[in-house]
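For reference, the chains in residue letters:
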Amino acid sequence: MNFKGKTVLVTGSSRSLGRQIIYDFASCGANVVINYNNSLDEALLLEKELKDKFNSKTLVVKCDVSNEEEVILMVDKCILEFGKIDILVNNASICRDSLFDEKSYSDFSDVLGVNLIGTYLVSKYVGKHMLLKSYGKII
């Protein structure tokens, strides 16, 4: 597929599955936004690799997707840099494995914050830009 001229934001894209998703979009010509929360080194290595291999236009943005202010700033940076976001892939997630009766409220709250609230927040603020332009895909 050809994604030349399209801008793609993948949350949690500095490592693991998110890294592969952003890599695949870049290999198809997309401008890519690499989002990380704790993995700056991995994000910068990925950015270098994408620029070297595909001459990709990239933006690396730190954002805790469970934090509304950080999400707003991330989306604003994306729009400022590329003028639009065509595709959003909500990939960021965390897992705090433990037995049900041993799971703390804090751990459960953190998982819900990233996996559920984060997906809502990023979709909400990216979606506002997509609605204004009548385009876009949210995954």
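Everything discussed here concerns the structure shown above.
As a starting point, this report considers the structure included with it.

Definitions and limits used
Residues numbered from 1 in each chain as written. Predicted model: local features only at pLDDT ≥ 70, side-chain atom pairs only at ≥ 80, totals over all residues. Heavy atoms only, no water. Helix = DSSP H or I, 4+ residues; strand = E, 2+ residues; numbered from the N terminus. Buried < 20%, exposed > 50% of the residue type's maximum accessible area, 1.4 Å probe, protein only. Polar contact = N/O pair within 3.5 Å; in protein donor to acceptor, adjacent residues only side chain to side chain. Contact = heavy atoms within 4.5 Å. Axes fitted to C-alpha atoms, helices over the stretch in contact; angles between N-to-C directions. Left-handed = near helix turned anticlockwise from the far one by under 90°. Nonpolar A, V, L, I, M, F, W, Y, C, P; charged D, E, K, R; others polar. Phe/Tyr/Trp six-rings, centres within 6.5 Å; stacked < 30°, edge-to-face > 60°.

Relative to the helices and strands, Asn38 resides in the loop between strand S2 (31-36) and helix H2 (40-54). Distance from Asn38 to Gly12, taken between C-alpha atoms, is 9.5 Å for residues 26 residues apart in sequence.

Examined against the element boundaries, Asn35 turns out to sit in strand S2. You can call Asn35 buried: its relative accessible area is 1%. Among the polar contacts made by the side chain of Asn35, one reaches the main-chain amide nitrogen of Gly12 at a distance of 2.8 Å. A polar side-chain atom of Asn35 sits 3.3 Å from the main-chain carbonyl oxygen of Val61. When residues no more than four places from it in sequence are discounted, the contact partners of Asn35 are Leu9, Val10, Thr11, Gly12, Ser13, Ser14, Val61, Lys62, Cys63, Val65 and Met74.

Between helix H3 (residues 68-82) and helix H4 (residues 105-133), whose axes approach to 9 Å, the crossing angle comes to 35 degrees. Viewed along their axes, H3 and H4 form a crossing whose handedness is right-handed. Judged by residue contacts, Glu68, Val71, Ile72, Met74, Val75 and Ile79 of H3 engage Leu121, Val122, Lys124, Tyr125, Val126 and His129 from H4. When its residues are assigned to classes, the contact of H3 with H4 shows nine nonpolar, one polar and two charged.

The residue Glu47 is located in helix H2 in this model. Sequence-distant contacts of Glu47, that is, excluding residues within four places in its chain, are made with Ile34, Thr58 and Val60.

Within the structure shown, the criterion is met by two aromatic pairs. A centroid spacing of 5.0 Å and a plane angle of 75 degrees characterise the contact between Phe3 and Phe25, whose relative ring orientation is edge-to-face. On the criterion of sequence distance, the pair formed by Phe3 in the segment before strand S1 (7-10) and Phe25 in helix H1 (residues 16-27) is long-range, its members being 22 residues apart. Owing to a relative accessible area of 13%, Phe25 belongs among the buried residues under this scheme. Summarising the aromatic geometry, the rings of Tyr23 and Phe54 are spaced 5.2 Å apart at their centres and angled 75 degrees between planes, so their arrangement reads as edge-to-face. Linking Tyr23 in helix H1 with Phe54 in helix H2, this pair joins segments that are 31 residues apart in sequence. With a relative accessible area of 29%, Phe54 lands in the partly exposed category.

With respect to the helices and strands, Val8 occurs in strand S1. For Val8, a relative accessible area of 0% puts it in the buried group. Residues Val8 and Asp52 lie 44 residues apart in sequence; the distance between their C-alpha atoms is 18 Å.

Let us look at unusual backbone geometry. Backbone geometry places Ser16, a non-glycine residue, at a positive phi of 55 degrees. Counting through the fold element by element, Ser16 comes out in helix H1.

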